[in-house]
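Residue-level listing of the chains:
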Amino acid sequence: MDAVISVDGLVKEYGKLRAVDGISFSVPTGKVYSFLGPNGAGKTTTVEILEGLRRATHGTLRVLGLDPWHDAGEVHRRVGVMPQGFRFFDKVTPLEAVQYYGRLFDVQVDAPALLRRVLLEEKANDTFDKLSGGQKQKLGIALALVNDPELVFLDEPTTGLDPQARRAVWELLRELRKEGRTIFLTTHYLEEAENLADQVAIIHHGKIVTEGSPAELIAKYGRGPRIVLEATPELLKVLQRVPGLSSEVKGNQVEVPLHQKQVLIDALQAIAASGLVWPDISTQRDTLEEVFITLVGEMEEGGEVRA
Amino acid sequence: MTLPSDPSSDPSAPSLPSSPAHGSRAKGAARRRSFLRPSHVWADFVLYTRAYMRNPEALFFSLLFPVILVLLFGAIFSGSSAPSAVPLYIQNLDGQNATTLAFYHYVEETGLVTIHNVSASAGPLGTYLSQHSESNGIVIPAGFGEQVWNLTHGGRGVPVALQFYDNPFDSTSAAIVSGAVQLALQNFKGAPVAYLAKAVPVGSLSFTPKTIDFEIPGLIGFAILMTPMFSMVNVTSEYKKEKLFKALSLTPLTKGEWLLSKILFNWLLTFLAAAILFATGILAYGAHVIVGPLLIPFLLVGPLLFVSLGMLIGTVSKRAETAGIIGNLVTFPMMFLSGSFIPVSVMPGWLQPYAKVWPLYYVIDGIESVSVFSDVAHALIDLGIVSVMAAVAFVAAVLVFRWREE
């Protein structure tokens, strides 16, 4: 599959500071690719280099087959960008903003329809300074779509949105993907990446720590699905005697990985045999969030990430 | 690179409001990239103008505030003659001739000048003036009174020339002196104006200027300075802070198109302000001002100069707050010293050279030359100076100003 973005050995230095430290990745056409990382990890710097807003210090990169710094004009015509913390002119309305972008991109744009699409129709004639944080973000997304882009960069598009609005934006992003557009999503909501991204790269200290689909990453770094038993002190004593179970006791919770079938059966039989009241039983699996916290935590402690 | 699937051809996908073929649009646009596209300039101009009109504070300072100042100054100085008397140094080489003494009296009576006598023994008047840092002087040659008397009583003879000294860069006071002399000579019926011989020609005054006549060019200068300067300091520093330049640089709008639109907007506002100021002065106080075509280049080059200066200040300042402070530090002394409110010609002699370091001085002096003195030659000198300053500031601003960071 064609890569819409390909990056090899990208470095960005500000004096002695290496904000981006030799990262390589590629984004396949028509997919949602997500950059995850703590603040200051180098996400926005990388994205701005891809958007042609900053110049790379070293490395080769192609966006839609073009050099984003030198061919910025053409790249900008074919990509849509919602910058982080999107701002616009205070005294301009969303309707005027979309029409303005339409004129700049030389395209016919049905501004009310586009605003309806991002759920901003009701505020179409309010000036930007009167919009809430979430409504401003929505205008940012609308403007990123004016030129009918092949590739859309969204830098933290749902920051500041209420849960309902966030879900609505997710729905919009799914539609955009269905239309064949490639989406480069920067976010620090792990749930968002897990829900939307086909491919995730976790970036920290300017380096890509790991990359893969959310499911792959969870499978690789997570602890896998498990049964959790909420035990009383009496029941804990019973369970601690089950072979292979003692190490899984945390407080009054006992966790048994699903793949340890025999241990699980032994545990359940021990509970039944004890005649005690059955504990609350639930199943759990790691989310991307737990994987992320684990990986970034390992990096912070100076250790290397498990391969 | 092409889209894997054309969204418009996918019936299940809700199509975006626009979907021209990507490839052809991109190629066409790339070809046009290096040009200034009028449609982009117009779109940005319309958006900016609309937003500006929604900002009552900005409108007040751009259009209403100068009008309030005209009304205020007009009321304060209503009916008073010249801004205040210009010092005039007269060296009389004609002794106590009665006609000469009458001429003295008439010059003084105009109220336009304050006469200082320089004795014949003081040496050449030119040297005297430069030693005393003064610029306006007249030498009355021997035989002047007799000649005037002869000519006004049907006699014949060659007119005796008065010798003028003035500062070619201060048309205001030179023209006031010239006006005072001409007004004085009108008392001698039949005395031809050919009596006046000047080293440097300045326009003639056929009326006694009132303070309001000087206030209008000053306040137009004020409008030319304030809006372009403050709006550009503000726009460039705020856009940088709010990352609006970044957002704009992601569209096909170019730096040149954006800048041209801001210049057009400031021209519009300056022309509006000038029209309102002229109208207010004429209608409310009967100001005697000439609205000539030579005003147009001043109303074009002036805003260009201050748009560029404002942009320079906004761009080189790291923070928006610093830009505001630097903007004020440049604007306020320039406003007061260049003759916006008080004509430079009535400032103390030692202060006048400091007026001439500010670009606004030449704008106001030029507008005054056109609208008060009809002195085209002098106005052209000012226009030349302003144009050179504007060109330098514009080139510097364009070179320093960046859409994107390296």
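Now for a quick tour of the structure. Treat the numbers as computed from the prediction; the structure is a model and nothing was measured.

**Overview of the packing of aromatic side chains**
- Per the stated rule, a full pass over the model turns up 36 aromatic pairs over all chains.
- Residues Tyr48 of chain B and Phe265 of chain B carry aromatic rings whose centres are separated by 4.8 Å and whose planes lie at 85° to one another, so their mutual orientation is edge-to-face. A residue pair is termed long-range when its members are at least 10 positions apart, and Tyr48 of chain B in helix H2 (residues 38-53) and Phe265 of chain B in helix H10 (residues 255-285) qualify at 217 residues.
- Judged by relative accessible area, which is 11%, Tyr48 of chain B ranks as buried.
- Aromatic rings pair up to connect Phe86, Phe88, Phe89, Tyr100, Tyr101, Phe105 and Phe128 of chain A together with Tyr239, Phe245, Trp258 and Phe401 of chain B into one cluster.
- Here the basic side chain of Arg166 of chain A rests over the ring of Tyr189 of chain A, its NZ or CZ set 3.9 Å away from the ring centre.
- Its guanidinium or amino end placed over the ring of Tyr48 of chain B, Lys262 of chain B lies 4.6 Å from that ring's centre, counting from NZ or CZ.

**Looking at the pattern of salt bridges**
Residue and element names in this part refer to chain A.
- Tallying each qualifying case throughout the model produces 27 salt bridges over all chains.
- Note that Arg54 is salt-bridged to Glu48, the shortest N-O span being 2.6 Å. When sorted by exposure, Arg54 lands in the same class as Glu48, which is buried.
- Linked through salt bridges whose partners overlap, the residues forming this network are Arg117, Asp148, Glu175, Glu179 and Arg181.

**Some remarks on the layout of surface pockets**
Residue and element names in this part refer to chain B.
- If you add up the space inside the largest pocket, you get close to 880 Å³.
- Lining the largest pocket are 29 residues; nearest its centre among them are Tyr52, Asn55, Ala58, Asn234 and Val235.
- Listed by contribution, the elements that provide at least two residues to the lining of the largest pocket are H2, helix H3 (56-77), helix H8 (211-241) and H10.
- Among the elements that take part in the lining of the largest pocket, H8 stands out by supplying eight residues, more than any other.
- Grouping the constituent residues of the lining of the largest pocket by class yields 16 nonpolar, five polar and eight charged.

**So, a nonpolar patch on the surface**
All names here are of chain B.
- A grouping of Phe60, Phe61, Leu64 and Ile68 is seen on the molecular surface, where their side chains present a nonpolar patch of about 340 Å² in accessible area.
- Mapped onto the fold, Phe60 is located in helix H3.
- Exposure remark for Phe60: the relative accessible area of 31% places this residue in the partly exposed category.

**Here we look at empty space enclosed by the protein**
- Scanning the entire structure with this criterion turns up five cavities of 30 Å³ or more.
- Of the pockets and cavities examined, the largest cavity occupies roughly 110 Å³.
- Lining the largest cavity are 13 residues; nearest its centre among them are Val81, Tyr101, Leu143 and Ala144 of chain A together with Leu250 of chain B.
- At the level of secondary structure, the elements contributing two or more residues to the lining of the largest cavity comprise strand E5 (79-82) and helix H5 (133-145) of chain A.
- Surrounding the second largest cavity, eleven residues form its lining, Thr172, Val344, Tyr361, Ile364 and Glu368 of chain B being those nearest its centre.
- At four residues, the largest contribution of residues to the lining of the second largest cavity is made by helix H14 (residues 359-371) of chain B.
- Classifying every residue of the lining of the second largest cavity by side-chain character gives four nonpolar, four polar and three charged.

**What about the sheet that holds strand E4 (residues 58-63) of chain A?**
Residues and elements named next belong to chain A.
- Pairing is antiparallel in the open sheet, where three strands are placed in the order E2-E1-E4. Edge strands, defined here as strands with exactly one partner in the open sheet, are strand E2 (17-28) and E4. Sheet twist, expressed as the average angle between the axes of neighbouring strands with direction ignored, equals 15°.
- Sheet topology places strand E1 (residues 3-14) next to E2; nine bridges connect them, and they run antiparallel. Bridge pairing in E2 links Lys12 to Val20.
- Here helix H1 (residues 43-50) sits on the sheet in contact with E1, E2 and E4, set at roughly 120° to E1.

How each quantity is defined
Residues numbered from 1 in each chain as written. Chains lettered and ligands numbered in written order. Predicted model: local features only at pLDDT ≥ 70, side-chain atom pairs only at ≥ 80, totals over all residues. Heavy atoms only, no water. Phe/Tyr/Trp six-rings, centres within 6.5 Å; stacked < 30°, edge-to-face > 60°. Helix = DSSP H or I, 4+ residues; strand = E, 2+ residues; numbered from the N terminus. Buried < 20%, exposed > 50% of the residue type's maximum accessible area, 1.4 Å probe, protein only. Lys NZ or Arg CZ within 6 Å of the ring centre and 35° of its normal. Salt bridge = Lys/Arg side-chain N within 4 Å of Asp/Glu carboxyl O. 1 Å grid on protein atoms, 1.4 Å probe; cavity = no way out; pocket = protein on both sides within 12 Å on 5 of 7 lines; lining within 4 Å. Points joined across faces, edges and corners; volume = space filled by probe spheres on them. Nonpolar A, V, L, I, M, F, W, Y, C, P; charged D, E, K, R; others polar. Patch = residues over 30% accessible without salt bridge, like charges linked within 9 Å, V, L, I, M, F, W, Y side chains within 5 Å. Areas by Shrake-Rupley, 256 points an atom, 1.4 Å probe, with all protein chains shown as cover. Pairing = 2+ DSSP bridges. Axes fitted to C-alpha atoms, helices over the stretch in contact; angles between N-to-C directions. Contact = heavy atoms within 4.5 Å.

Function cannot be inferred from these measures alone, as they are strictly geometric.
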